[in-house]
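Fold and contact review
For reference, the chains in residue letters:
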Amino acid sequence: MGLFSKPKIEGNELQRCLAYYEAKLKVTAFQTKEADLFNNALVKYRTSKTSPLTASEVCNATNRLVQAAHEVKRRHEGTKPGPNAALATHHAWHITILGNTAWAEAMLQAMEALANRWTPRYAEVQQLAGKHQLAQHEAENEDKKFLERLGIS
């Protein structure tokens, strides 16, 4: 162990951290499934941009994404971080989830604007997407540190 490294987590604390991480993975799996459904809908309806049905279907898919983002937030908030060792990763993912929710809501507004033949605010959507990606990168780094402390590769 280096001078500034944290000690490996063991015993009961390890079991509590593993239980937290398993619960977090379930939330992540749900979020990934919903994001895949959204992306598949975008690919499916991308070919005919002028159809009213297309605009409606894309809005429906984006609305589902927003609802899923709120469900992910609810589930994450219901996941207790357990020991102090899990607090940093829990907080980092919380920031990521908030960013994802804000991006999804902005995306829905943009899709609704398109459906109504208004000009969407793409700059806001892109800005929120960038913030979300940065937060996700930071959360993934916290996960790596956490898993190293757990002794998991």
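Look up: the structure comes first, before these words.
Residues numbered from 1 in each chain as written. Predicted model: local features only at pLDDT ≥ 70, side-chain atom pairs only at ≥ 80, totals over all residues. Heavy atoms only, no water.

Concerning the overall build of the protein
What counts here: Segments assigned H or I by DSSP are reported as helices when at least four residues long, segments assigned E as strands when at least two residues long, and all are numbered from the N terminus. The globule rule used for comparison is 2.2 Å times the number of residues to the exponent 0.38, while the radius of gyration itself is calculated over C-alpha atoms.
Within the protein, the secondary structure is distributed over 4 helices and 0 strands. Helices and strands in the protein line up, N terminus first, as α-α-α-α. Over its C-alpha trace the protein gives a radius of gyration of 19 Å, far above what one expects of a compact globule, namely 15 Å for 153 residues. With the C-alpha coordinates aligned to their principal axes, the bounding extent of the protein is approximately 60 × 25 × 25 Å.

Focus on the side chain of T62
As a reminder of what qualifies: Think of it in three bands: residues with accessible area under 20% of the maximum for their type are buried, residues over 50% are exposed, and the middle band is partly exposed, with areas taken using a 1.4 Å probe on protein chains only. In what follows, residue pairs with any heavy atoms lying within 4.5 Å of each other are defined as contacts.
With respect to the helices and strands, the residue T62 is situated in helix 2 (residues 52-78). The class of T62 is buried, set by a relative accessible area of 0%. For T62, the contacting residues outside a window of four places in its chain are F38, A104, M107, L108 and M111.

Let's talk about the pattern of salt bridges
Here is the rule: Note on definitions: salt bridges are taken to be side-chain nitrogens of Lys or Arg within 4 Å of carboxyl oxygens of Asp or Glu.
Applying the stated criterion across every chain yields a total of 8 salt bridges. In this structure, D143 engages K24 in a salt bridge whose closest nitrogen and oxygen atoms are separated by 3.2 Å. Taken together, the positions of D143 in helix 4 (residues 122-150) and K24 in helix 1 (residues 11-45) put the pair 119 residues apart, joining distant regions of the chain. This pair shows no difference in class: D143 is buried, exactly as K24 is. A salt bridge links R75 to E71; its shortest N-O distance comes to 2.9 Å. One end of the pair, R75, and the other, E71, are both in helix 2, 4 residues apart, so they sit about a helical turn from each other. Its relative accessible area of 31% is what places R75 among the partly exposed residues. According to the relative accessible area criterion, E71 is partly exposed, its value standing at 21%. Within this structure, K33, E34 and R64 form a network of salt bridges that share partners.

Regarding unusual backbone geometry
Notably, R117 is not glycine yet its phi reads approximately 65 degrees, a positive angle. Here R117 is to be found in the loop between helix 3 (87-115) and helix 4. Overall, the relative accessible area of 69% leaves R117 in the exposed class.

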